[in-house]
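Results of the structural survey
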Amino acid sequence: MTFNEGRIEYLHCEECGHNFFYPRDRCPRCHGNRLERRTSSGNGKIFSYTEFQGGIYAIVEMDEGFRLYANVRNKVKIGDRVRAVQGKGRPEFVREP
Amino acid sequence: MILGFGSVVQKTYPGTTFQLMSSAVDQALEMAQLTRDKIDGIIATFLPGTFDGNVALHFYTSQLAQYLGIRPRFLDYVDFGGASALAMLYRAEKAVASGDADNVILLVGGKASPVREKRVTADSVDRAFSGIRLTPFDEVFRVYDDMNPVTDYALVATRHSHLFGTTDEQRASIAVKQRFNAQGNPRAMYRDPLKVEDVLSSRMISTPLRLLEIVYPVDGFHVFVVGKSGGKSNMRPLSIKYFGEAHWPEMPPELPDIVSTPAVESARGARSLLEKVDCFQLYDSFTITVLLQIEDIGLAEKGKGGKFAQEVDFTYKGEIPINTGGGSLNVGQPAYMSGGVILEEGLIQLNGMGGPRQVKGVDTVLLNGIGGWNRAHSTTLVLGE
């Protein structure tokens, strides 16, 4: 999996249709191994968040159904729409207006 | 049965981690009325960085035996973090029952100070020490800025409040009641009276978690001795009434939700025993951890843990005593694992050794341990005579 130009890639299981992010060679739901690499739209919403001295840490739920840990650049609340942008070696999220 | 126990817990222990462990072993053996030559089993646990700042100890359990001068015929290692101690006790009881060993010592602890001084924790130890991988996915996980485990548990607390309306005051009341209990524990590090307002005005660390909701990592070892009854030990002949363990290895974002722990499964078989339990010792890395277990072991429905925490008197004087010695929130968390703290307090209560904080007529105790940066491990133990 790569994190180029703010894009978030994920895996789609061709056997059960499950979309997942943390990369494995088997689908975590059905253990199938026919997996397709796809690129996310980059759009999602905040599942949970916390603000600490080093920034905002969150779990983002992408529109494709998978969730990932990430940093968010603006103050957010649960349910806020966010969009992936390029950070240093990682995508980060900004709040959609 | 448990023949004896001992512990040495200090903010910063001046000697080596081997010396710290050895002095806790001496205390436990004195209570068990045993000498080192009678010990033929060791079960240990370990977290990177907590043994004099070493990331790993090659052939760890063998090094422990080497230093202690013990030649075991039974060696085991459990790496469930905070959930280890209770699993180690269960395994030791089985080893003794099967004849694999006569007397087993459980070694739980280490020195947090070398890790603490680098301003990281056991769950962000990869930021300060090289050669550590936390997950199979670090390339897309550890690239983010966090302060785990605090930030990860903060995500849980945020979500719990969002779903169920849990308030900061409700979580704070857990810290307040545990502090009341700590006032009856002369060995607690924090014993000054505490009010909800004090918790709410303490420094915000990771929203919504504040300083007084978070354990302080310390140096310490807890040692427990397990063997057959009939020896010289004066301890009550306790046995395991229930043991359950459950492991949810998923990355928390992949769980259906993040507001439950595997205690839902490890404690399921103990539901029928809850009525008999005289006090509870629940893992308390953070206030939210206690709240989650109150729900997951079945003291309150999911979502009602906040109400329980605020309304139920769970001090040692109350109807449902929880964390009667103040818990690790007040004793300190040795080597980033509170399992030894809760097991020791359970044994103190069962043996009537609680002094001012002793709950009357304790015959059955339920303990729950939680471990792993992602709350992957839960162990539930019910001890009684």
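Since the model is a prediction, treat every value here as computed from it, not as a measurement. (Residues numbered from 1 in each chain as written. Chains lettered and ligands numbered in written order. Predicted model: local features only at pLDDT ≥ 70, side-chain atom pairs only at ≥ 80, totals over all residues.)

Remarks on the overall build of chain B
Going by this rule: Elements are defined by DSSP. Helices are runs of H or I of four residues or more, strands are runs of E of two residues or more, and each kind is numbered from the N terminus. This radius of gyration counts C-alpha atoms alone. The globule rule is 2.2 Å times how many residues there are, raised to the power 0.38. Each residue is represented by a C-beta atom placed from its backbone, and any two residues with such atoms within 7 Å are regarded as in contact.
Within chain B, the secondary structure is distributed over 13 helices and 12 strands. Relative to the globule expectation of 21 Å for 385 residues, the C-alpha radius of gyration of chain B, 19 Å, shows essentially globular dimensions. Over its C-alpha atoms, taken along the principal directions, chain B stretches across nearly 55 × 50 × 40 Å. By sequence separation, contacts in chain B at least 24 residues apart represent 76% of the contacts at least 6 residues apart.

Re the domain arrangement of chain A
The figure often quoted for interface size is the accessible area lost as the parts come together. Residue and element names in this part refer to chain A. Stated precisely, the cut-off is as follows: Domain delimitation follows an automatic or database domain assignment. Just so you know the grouping, Ala, Val, Leu, Ile, Met, Phe, Trp, Tyr, Cys and Pro go in nonpolar, Asp, Glu, Lys and Arg go in charged, and all remaining residues, Gly too, go in polar.
One can read the domain layout of chain A as domain 1 (4-39) and domain 2 (43-95). Computed over C-alpha atoms, the centres of domain 1 and domain 2 are 20 Å apart. Counting residues at the interface gives seven residues for domain 1, matched by eight residues for domain 2. When the residues that make up the side of domain 1 that touches domain 2 are grouped by side-chain class, the tally is four nonpolar, two polar and one charged.

Side note on the interface of chain B and chain A
Each partner contributes to the interface: chain B provides 21 residues, whereas chain A provides 23 residues. Contributions of two or more residues to the side of chain B that touches chain A are made by α5 (138-141), α6 (150-164) and β5 (204-206) of chain B. For the side of chain B that touches chain A, the leading source of residues is α6 of chain B, giving six residues. Here the side of chain B that touches chain A is built from residues that sort into 12 nonpolar, five polar and four charged.

Topic: the domain arrangement of chain B
All names here are of chain B. When its domains are assigned, chain B resolves into domain 1 (2-119 + 221-227) and domain 2 (146-215 + 236-384). Once you take the C-alpha centre of each, domain 1 and domain 2 turn out to be 23 Å apart. Contact with domain 1, which involves 26 residues of that partner, is made by 28 residues of domain 2. If you tally residues by element for the side of domain 1 that touches domain 2, the top one is helix α3 (residues 84-98), at seven residues.

Some points on the packing of helix α7 (residues 168-182) of chain B against helix α10 (residues 287-296) of chain B
Residue and element names in this part refer to chain B. Operational definition: Fitting a line to C-alpha atoms yields each axis, with helices limited to the stretch in contact; the angle taken between N-to-C directions then spans 0 to 180 degrees. Roughly parallel refers to an angle under 35 degrees, roughly antiparallel to one over 145, roughly perpendicular to one between 65 and 115, and oblique to any angle outside these ranges.
Two numbers describe how α7 lies on α10: the axes approach to 9 Å, and their chain directions differ by 100°. As far as their axial angle goes, α10 and α7 are roughly perpendicular. In this structure, α7 contributes Arg171, Ile174 and Ala175 to the contact, and α10 contributes Thr287, Ile288, Val290 and Leu291. Across the contact of α7 with α10, the residue classes break down as five nonpolar, one polar and one charged.

Let's talk about the sheet that holds strand β8 (residues 239-247) of chain B
Residues and elements named next belong to chain B. Counted only if it meets this: A pair of strands is labelled paired if DSSP reports no fewer than 2 bridges between them.
Taken together, the four strands give an open sheet; going across it, the order is β8-β12-β11-β9, and neighbouring strands pair in mixed fashion. Looking at the sheet topology across the chains shown, the edges are occupied by β8 and β9 (279-282). Taken over all neighbouring pairs, the strand axes of this sheet differ in orientation by 10° on average, direction set aside. One ladder, built from eight bridges, connects β8 with strand β12 (residues 377-384); its direction is antiparallel. Across the sheet, Glu245 pairs through a bridge with Thr379, a residue of β12. Of the strands in this sheet, β9, β11 (364-371) and β12 are in contact with helix α13 (residues 339-350), which crosses β11 at around 175°.

Some details on the environment of Val312 of chain B
Residue and element names in this part refer to chain B. Structurally, Val312 can be placed in the loop between α11 (305-311) and α12 (327-331). Note: C-alpha distance between Val312 and Lys177 (135 residues apart in sequence) is 10.0 Å. Excluding residues within four positions of it along the chain, Val312 makes contact with Gly318, Glu319 and Ile320.

Side note on α7 of chain B
Applied cut-off: Expected span, for any helix, means 1.5 Å times one less than how many residues it has. We call a residue exposed when 12 or fewer other C-beta atoms sit within 10 Å of its C-beta, buried when the count reaches 20 or more, and partly exposed for counts in between; the C-beta positions come from the backbone.
The end-to-end C-alpha separation of α7 of chain B is 21 Å, in line with the 21 Å expected for 15 residues at 1.5 Å each. Across the 15 residues that make up α7 of chain B, a large majority, 13, are buried.

Observations concerning the sheet that holds strand β2 (residues 19-20) of chain A
Residue and element names in this part refer to chain A. One open sheet accounts for three strands, arranged β2-β1-β3; its pairing is antiparallel. Each having just a single partner strand, β2 and β3 (35-39) make up the two edges of the open sheet. Pairing analysis gives five bridges linking strand β1 (residues 9-13) to β3, with the strands arranged antiparallel. Residue pairing in the sheet places His12 in a bridge with Glu36 of β3.

Thoughts on the nonpolar core
Residue and element names in this part refer to chain B. The condition is simple: We define a nonpolar core as a collection of buried residues of the types Ala, Val, Leu, Ile, Met, Phe, Trp, Tyr and Cys that are connected via C-beta atoms lying within 7 Å of each other.
Within the largest apolar cluster, 146 residues are counted, with the highest numbers of intra-cluster contacts made by Ala28, Leu89, Val104, Leu106 and Val225. For this core, the element with the highest residue contribution is α3, accounting for nine residues. Here Val104 is in contact with Gly41, Ile42, Ile43, Phe74, Ala92, Ala95, Val96 and Val226, once residues within four sequence places are set aside.

What to know about the environment of Glu169 of chain B
Here Glu169 of chain B shows up in helix α7. If we skip the residues at most four places from it in the chain, Glu169 of chain B touches Val196, Leu200 and Gln310 of chain B.

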